[in-house]
Amino acid sequence: MSSRGSLIENGHITTDEYETIKVIEEAKVLRGKNGNHGLPDYSHTAERIYIKENKDSSFRELRVYGKNHKPIYEIGYHGEINLTGNRHEKVLHFHLFTDDLRHLEATAINKGSDYYKKVKKILARYGL
């Protein structure tokens, strides 16, 4: 499945810290086990999309993973202080990831964005 654990030589993940609770389009909605709350740093399957929902099943964020099992970008719908000035106002945005798994500062996104278009069917299921 996925993990914040390390990759072993063949690229597989060494731990199982998440469970799939449903599938929306081609994306798996994950719930963390044992206190894991964020999305995994690596995907067991290349070119995968994982979603994290809020407790009320509303959309929180999704991550798109590449051929190397690492995240490429993340789309979120939650507070981003650098975009709204507070942590409470939800804003649709994306983060790009670096090769060392750091995500860059949030950038606002709209329905015309290439990042939005790639996952628009998924976001539409959440009314976004």
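Note: the structure precedes this text.
Residues numbered from 1 in each chain as written. Predicted model: local features only at pLDDT ≥ 70, side-chain atom pairs only at ≥ 80, totals over all residues. Heavy atoms only, no water.

Peer 1: Explain the overall build of the protein chain to me, please; I cannot follow it from the model alone.
Peer 2: Scanning the protein chain from terminus to terminus reveals 3 helices and 9 strands. Listing the helices and strands of the protein chain from first to last along the sequence gives β-β-β-β-β-β-β-α-β-β-α-α. Looking at the protein chain as a whole, 42% of its 128 residues are labelled buried. In the protein chain, 32% of the contacts between residues at least 6 apart in sequence involve partners at least 24 apart. (Helix = DSSP H or I, 4+ residues; strand = E, 2+ residues; numbered from the N terminus. Buried < 20%, exposed > 50% of the residue type's maximum accessible area, 1.4 Å probe, protein only. Contact = heavy atoms within 4.5 Å.)

Peer 1: Looking at this model, I keep getting lost on the packing of aromatic side chains. Mind explaining?
Peer 2: Aromatic ring pairs: the centre-centre distance and the angle between the two ring planes describe each pair. Inspection of the entire model under this criterion finds 4 aromatic pairs. Ring centres 5.2 Å apart and planes at 55 degrees place the aromatic pair Phe59 and Tyr126 in the tilted group. Within this pair, whereas Phe59 is found in strand β6 (residues 59–65), its partner Tyr126 is found in the segment after α3 (120–125), the two being separated by 67 residues in sequence. Among the aromatic side chains, those forming a connected cluster through ring pairs are Tyr73, Phe94 and Tyr115. (Phe/Tyr/Trp six-rings, centres within 6.5 Å; stacked < 30°, edge-to-face > 60°.)

Peer 1: Explain the sheet that holds β6 to me, please; I cannot follow it from the model alone.
Peer 2: Taken in spatial order, the 7 strands line up as β2-β3-β5-β6-β7-β8-β9 in an open sheet, and their pairing is mixed. Two strands lie at the open edges of the sheet, namely β2 (18–24) and β9 (107–108), each paired on one side alone. (Pairing = 2+ DSSP bridges.)

Peer 1: In this structure, what is going on with the pairing of strand β5 (residues 49–53)? I would like to understand it.
Peer 2: Here β5 lies mainly inside the structure; 5 of its 5 residues are buried. Residues of β5 alternate between two faces, with Ile49, Ile51 and Glu53 on one and Tyr50 and Lys52 on the opposite face, all of them buried. By the bridge criterion, 2 bridges tie strand β3 (residues 27–32) to β5 in an arrangement that is parallel. By the bridge assignment for β5, Lys28 is matched with Tyr50. Direction of pairing for β5 relative to β6: antiparallel, over a ladder of 5 bridges.

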